[in-house]
Each structure stands twice: as C-alpha cells, then as structure tokens.
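An overview of the molecular structure
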Amino acid sequence: MKSLLFLAFAATLAAAAPRPNVVFFLIDDLGYADCGFNGGTDIKTPIIDKLAAQGAILENHYVQPVCSPTRSCLMTGRYVSHTGVYTIVRPHAKWGLPLEERTLANALKDAGYPTAITGKWHLGEFEDAYKPTSRGFEHQHGHYFGAIDYFTHVRDGSHDWYHDDKELKEEGYSTHLVAKEAVRLIKAQSKDKPLFLYMPFNGVHSPMQVPDSYLQPYGSLTGGRKQLAGMLAAVDEAIGQVVAALEKQGMRENTLIVFSADNGGPPPGSNTPLRDFKGSIYEGGVRAAAFANWPGKIPGGQRLTAPMHIIDWYPTLVKLAGGSIEQKLPLDGRDVWPVLTEKAASPHEAILCVQSPDNAAVRMGDWKLIVSNGTVVDDEAPKKKKAKAKAKGRKYEPVMLFNLATDPSETTNLAAKDPERVATMKAKLAELLKDAVPSGVRP
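These lines cover the structure that appears in this document, whether it is placed above or below. What you see is a predicted model, and the numbers here were worked out from it, not measured in a lab.

1. Thoughts on the overall build of the protein chain
- Along the protein chain, the regular secondary structure elements total eleven helices and 19 strands.
- Whereas a compact globule of 443 residues would reach a radius of gyration of roughly 22 Å, the protein chain reaches 21 Å, a difference of no more than 12%.
- For the protein chain, buried positions account for 58% of its 443 residues.
- Taking all contacts inside the protein chain whose residues are at least 6 apart in sequence as the whole, residues at least 24 apart take part in 70%.
- Of the roughly 17800 Å² that the protein chain leaves accessible, carbon and sulfur atoms contribute 55%.

In structure tokens form, the structure reads like this:
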C-alpha cells in the first residue's frame, strides 16, 4: 500500500513539474572537431564549450549528410526514407517538406508552447503552405535557403530575408540579426508559458564572410580556416547573448538547450578523427558535434556514447512538453531522455543514415555497414559558385563494414572477413528501407 501511495505521489510531482523552455541551436556546416568541447584547439568557442561541459556531450549523435534532410528529420521525427527529403530544397523549387507531415513546432504548439524560428528554414517556400508560419511556427525571422550573403541577404540575385514570412529589408550581419531577434522574443516571453525557440544559424556555411573584428584573434590562421574561425566566434557570441537573455528573464534554470551541427563540416572545417566531410555517409558526414544542457535535470560533465539520431528529439521534446506523440504518420525517433539523464543504452537497435535507398548506411552497436551504388555529392552552393569538387572514382565500395569502436576513422573494410555480420546488417538495412518513399524533388 505504501509503495502504491509513493508511486502516486511521484506521479503527481512529475505532472506538476514545470515544462521546460526549449532552445534548439542548429549550426550549419559545423565540423565535428571545430569546437573545443570536441577537441578543437585553434578556434575559441568559450560559451559553447561551457554549455557543453555543464551538460551531456553526445559523441554519437547522427544527422543527415546535408542540410534540408537533417532539418526534415528534426521537424518530423522521421527518417528521410519516409518523408522523401533526401536532398537539398533549392530556391523556388516546387517541393518541400510534405504537407501531411506534422512538425515538431505543430506538436509543441498543440501542447501550449509559443513557437518561433529565427534563422534558416530550408524546407520549402514555393507556396505559403510550406512556409514556417504554416508549419506550426507562430513567429519566423530570417531566411529560407542556404548560402546567402551574410550582409546583403541575397542569393543568386534574390533577396532572402523575412519576418513572419513577409519580406523584410534589414541591415546587418545575419548571425547578429538571428541572435537579436531571439533575444527580443525571450524578453517578450510571458512567464505563464514555456517557449520553443528554434535557432538554425546560417553560420558557419559558405560564403565565408564575417566582420573583420572577428578575425583579429586568428592571425596565425590563413585562408578559409581563418574565415571559419571568425564566423564560429560570431556564432559563439550570439549563443552567449541568448543565454544571457534567458538568465536575465529568470528562464535559464528551466531551459533545455540542445546544440547540434546539421551535418559534418566541409573543408576548411575539421571532422577529426572521422572520415570524410559533408555530403558523405561516412562518419565525417553524418556524425554531428552535439550536446544537451538543462541545469539540475541533465547531469553535467558527461560524454555519452550511446548512438542516437536527430529524429529522437521530436518524441523526447514533445513528451517533456506534456504533448502527444500519437499521430497519423508513425515516428522513427525514440525518447532519449533516459540516455541523457540515466546513461541508459541507446533506444535503437539500429540507426539509419541514408542519401537514397541505394546509398545507405546502418549502425548497429559498434558496427556500421554501408551499401552503395556510387557517389552523391553536395550541391547546395549557388549556381554561379558551384563547387567543383569531383569524386575520384567510387567514393564507396559496394559493401563496407567498419567497427567504429576500434576504427572510428573507417579505414579498414571488414566486409570480406565477416560475411555473417554483413548478411545480418544487410537484412536490417533492407527492413529499414522496405517502405522507403521516392524523392520529393519536383522540377
């Protein structure tokens, strides 16, 4: 009887616990090892590193190889094989995140959260129904696509800067403007409701632009690496401004901060010790620098190794918000709250990383299998500055097996030596892809 009373009391306390504010920082093209918390030494990121040290660093946090697919995974809790967002949504393309998809913003809005995005959307805009304020966000500020000029906010001759999905002429460096709007929203936030603030920075994506003052501490660096250092320093400063605003408003102690890259960094970013870069399903393309921080709720000083995927934030955040994950389209994501707070094992038997159904990888435990028919390269750069990088031969062998525990750099293909494991993992990959949908790309 006492135990039943205790359980009832505990359940009452849990129900009465305040729901957290959620601030989600998504950093564009950040390398796995560019920040100090993951081994970077040449770029100063003191604010980011302090937040990471006080929270849980996620060493095996998976994303997609490029931008729009990762954002679709975060917004839906579903793999790209189920949404069709396998590739980048280019400006004015007549497609986007399918309208039947319920977004994380929809789910949190349904749970009573004010919802806002300040930064890059990149999931469609050719019709109003695809824009952020039609996908669950009450407020929007920033741009729809990647590779905009940081100062003029122009890409391929088109101005790309909006407020609440209406074009806005606003002067300033985009990283500064994204932070300024976030601070404004925090200051205006009512204490009666928790806030969902999604901040997908366009830093540190190309073009490599930053005010000269941010370059001064990096005289020892040259070329693109120097520019990247200044751009990341500006992002670090911006995150510091957001955290300071939360503290000033008395919101910090009840705010869950999630930080992640959207994919592995391209050169001049560093993904050490991981193999390859953005656009790849090797670890350097799909394992993101990431951490989670919530004072008093997520123990600090942790480096968690349990594999998880950005799809997992959808059910995790909606449950913390007291919302419902019952919906028409099934979730692929799993609740990772026990991983963050109790060092529980990964809730996944297998994690999928896919560029297309015939270019895919699956991770099971410490093992990773890649099955491929060729190479997929990043095509996010503006047309007039199209990247000229070309694969030398096949980027992937048809079947590749790696033990990530002993070979995180994926240097030794063990497929020929372990055919039974290959067969088992191929079967799991086939199971994960059995209902894969075609690409959503339309002319």
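So, next bit.
2. Quick notes on the packing of helix α6 (residues 174-188) against helix α7 (residues 223-248)
- Interaxial distance between α6 and α7 falls to 9 Å at its minimum, and their mutual angle equals 5 degrees. One way to sum up the angle between α6 and α7 is to call them roughly parallel. Here T175, H176, A179, A182, V183 and I186 of α6 come into contact with α7, specifically with A234, V235, E237, A238, Q241, V242, A245 and L246.
- Looking at the contact of α6 with α7 residue by residue, the classes come out as ten nonpolar, three polar and one charged.

3. Concerning the pattern of salt bridges
- Overall, the coordinates contain 22 salt bridges when judged by the stated rule.
- Residue E167 is joined to K169 by a salt bridge in which the shortest nitrogen-to-oxygen separation is 3.8 Å.
- The salt bridge partner of E349 is K428, with a shortest N-O separation of 3.0 Å. With E349 in the loop between α10 (337-342) and β16 (351-356) and K428 in helix α11 (residues 419-432), the pair connects residues that are 79 residues apart, well separated along the chain.

4. A look at helix α3 (residues 67-76)
- The element α3 is extensively covered by neighbouring structure, given that ten of its ten residues are classed as buried.
- Looking only at α3, the buried set comprises C67, S68, P69, T70, R71, S72, C73, L74, M75 and T76.
- At the exit of α3 stands G77, carrying a positive phi of roughly 70 degrees.

5. Regarding the sheet that holds strand β11 (residues 255-261)
- Judged by pairing direction, the sheet is mixed, and its ten strands sit side by side in the order β9-β8-β5-β4-β10-β1-β11-β13-β2-β14 without closing on themselves. Either end of the sheet is taken by a strand with one partner, and the two such strands are β9 (166-167) and β14 (302-304).
- Judged from the seven bridges that link them, strand β1 (residues 21-27) and β11 form a sheet pairing that is parallel. The residue of β11 that forms the bridge with F24 is V258.
- Contacts between helix α2 (residues 46-53) and the sheet are confined to β2 (56-58), β11 and β13 (290-293), with β13 contributing the most and set at about 65 degrees to the helix.
- Across the sheet, α6 touches β4 (115-120), β5 (139-143), β8 (162-163) and β10 (196-201), and the angle it forms with β10 is around 175 degrees.

6. Remarks on the packing of aromatic side chains
- A full pass over the atoms with the stated rule returns 17 aromatic pairs.
- Relative to Y130, the ring of F126 lies with its centre 4.7 Å away and its plane at 40 degrees, an arrangement referred to as tilted.
- For the ring pair F259 and F291, a centre distance of 4.8 Å and an interplane angle of 5 degrees mean the geometry is stacked. Here F291 lies in strand β13 and F259 lies in strand β11, a separation of 32 residues in the sequence.
- The class for F291 is buried, based on a relative accessible area of 0%.
- Connected via pairs of aromatic rings, a cluster forms that spans F24, W121, F137, F196, Y198 and W313.
- The ring centre of Y282 lies 4.0 Å from the NZ or CZ of R275, which sits over that ring.

Procedures and definitions
- Residues numbered from 1 in each chain as written.
- Predicted model: local features only at pLDDT ≥ 70, side-chain atom pairs only at ≥ 80, totals over all residues.
- Heavy atoms only, no water.
- Helix = DSSP H or I, 4+ residues; strand = E, 2+ residues; numbered from the N terminus.
- Rg over C-alpha atoms; globule rule 2.2 N^0.38 Å.
- Buried < 20%, exposed > 50% of the residue type's maximum accessible area, 1.4 Å probe, protein only.
- Contact = heavy atoms within 4.5 Å.
- Areas by Shrake-Rupley, 256 points an atom, 1.4 Å probe, with all protein chains shown as cover.
- Axes fitted to C-alpha atoms, helices over the stretch in contact; angles between N-to-C directions.
- Parallel < 35°, antiparallel > 145°, perpendicular 65-115°, else oblique.
- Nonpolar A, V, L, I, M, F, W, Y, C, P; charged D, E, K, R; others polar.
- Salt bridge = Lys/Arg side-chain N within 4 Å of Asp/Glu carboxyl O.
- Pairing = 2+ DSSP bridges.
- Phe/Tyr/Trp six-rings, centres within 6.5 Å; stacked < 30°, edge-to-face > 60°.
- Lys NZ or Arg CZ within 6 Å of the ring centre and 35° of its normal.

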